[in-house]
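The lines below spell out each chain.
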Amino acid sequence: MWTFVVWNIAALAAAIYCLVKAVMDLRARRYGWGIVGLVSAVVFLVTPIQTRAVKIDLPVAEK
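Keep in mind that this is a model prediction, so the values were computed, not measured. (Residues numbered from 1 in each chain as written. Predicted model: local features only at pLDDT ≥ 70, side-chain atom pairs only at ≥ 80, totals over all residues. Heavy atoms only, no water.)

A.B. asks: How should the overall build of the chain be read in this particular structure?
C.D. replies: For the chain, the helix and strand inventory stands at two helices and zero strands. A globule of 63 residues ought to have a C-alpha radius of gyration of about 11 Å, yet the chain, at 20 Å, is considerably larger. Reported as C-alpha extents along the three principal axes, the dimensions of the chain are approximately 75 × 25 × 15 Å. Residues counted as buried form 11% of the 63 residues belonging to the chain. Carbon and sulfur atoms make up 69% of the accessible area of the chain, which amounts to about 6,000 Å² in all. (Helix = DSSP H or I, 4+ residues; strand = E, 2+ residues; numbered from the N terminus. Rg over C-alpha atoms; globule rule 2.2 N^0.38 Å. Buried < 20%, exposed > 50% of the residue type's maximum accessible area, 1.4 Å probe, protein only. Areas by Shrake-Rupley, 256 points an atom, 1.4 Å probe, with all protein chains shown as cover.)

A.B. asks: It is not clear to me how the environment of Thr3 should be interpreted in this structure. Could you clarify?
C.D. replies: Mapping Thr3 onto the fold places it in helix α1 (residues 2-27). The exposure class of Thr3 is exposed, given its relative accessible area of 55%. Spatially, the C-alpha atoms of Thr3 and Tyr31 are 36 Å apart, while their sequence positions differ by 28 residues.

A.B. asks: How do you make sense of unusual backbone geometry when you look at a structure like this?
C.D. replies: Peptide bonds are, in most cases, trans, and in most cases residues other than glycine have a negative phi. You will see that Arg29, though not glycine, has its phi angle at about 65°, which is positive. Tracing the backbone through its elements, the reader meets Arg29 in the loop between α1 and α2 (31-46). Among the residues examined, Arg29 registers a relative accessible area of 66% and is labelled exposed.

A.B. asks: Teacher, can you tell me more about the pattern of salt bridges here?
C.D. replies: A side chain of one charge can pair with a side chain of the opposite charge if their charged atoms are brought near each other. Across all of its chains, the model carries one salt bridge by this definition. The partner of Arg30 in a salt bridge is Asp25, and the shortest N-O contact between them spans 2.8 Å. By relative accessible area, which is 42% here, Arg30 ends up partly exposed. (Salt bridge = Lys/Arg side-chain N within 4 Å of Asp/Glu carboxyl O.)

A.B. asks: Help me out: how do you make sense of the packing of α1 against α2 in this one?
C.D. replies: Helix-helix packing: each pair is described by the crossing angle between the helix axes and the interaxial distance. Orientation of α1 relative to α2, taken along the N-to-C sense of each, is 160°, at an axis distance of 8 Å. With respect to α2, the element α1 is oriented roughly antiparallel. Here α1 runs over α2; the crossing is left-handed. Between α1 and α2, the contacting residues are Ala11, Leu12, Ala14, Ala15, Cys18, Leu19, Ala22, Asp25 and Leu26 on the first element and Tyr31, Trp33, Gly34, Gly37, Leu38, Ser40, Ala41, Phe44 and Leu45 on the second. A breakdown of the residues in the contact of α1 with α2 according to their chemical character gives 14 nonpolar, three polar and one charged. (Axes fitted to C-alpha atoms, helices over the stretch in contact; angles between N-to-C directions. Parallel < 35°, antiparallel > 145°, perpendicular 65-115°, else oblique. Left-handed = near helix turned anticlockwise from the far one by under 90°. Contact = heavy atoms within 4.5 Å. Nonpolar A, V, L, I, M, F, W, Y, C, P; charged D, E, K, R; others polar.)

Okay, here's the thing in structure tokens:
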């Protein structure tokens, strides 16, 4: 469980860094690098993180 939390925090920190860097580049009129930063942030935010699912079959109540 802790590794899931750590990886989520790391991905969020990387996405925030990419967004901040992209805004700085766009304000400095470096449009190519700004777009690369925005795309990188989007990739970090939309990448699914694998989790473990547990399926439990409960018995059906009979009358």
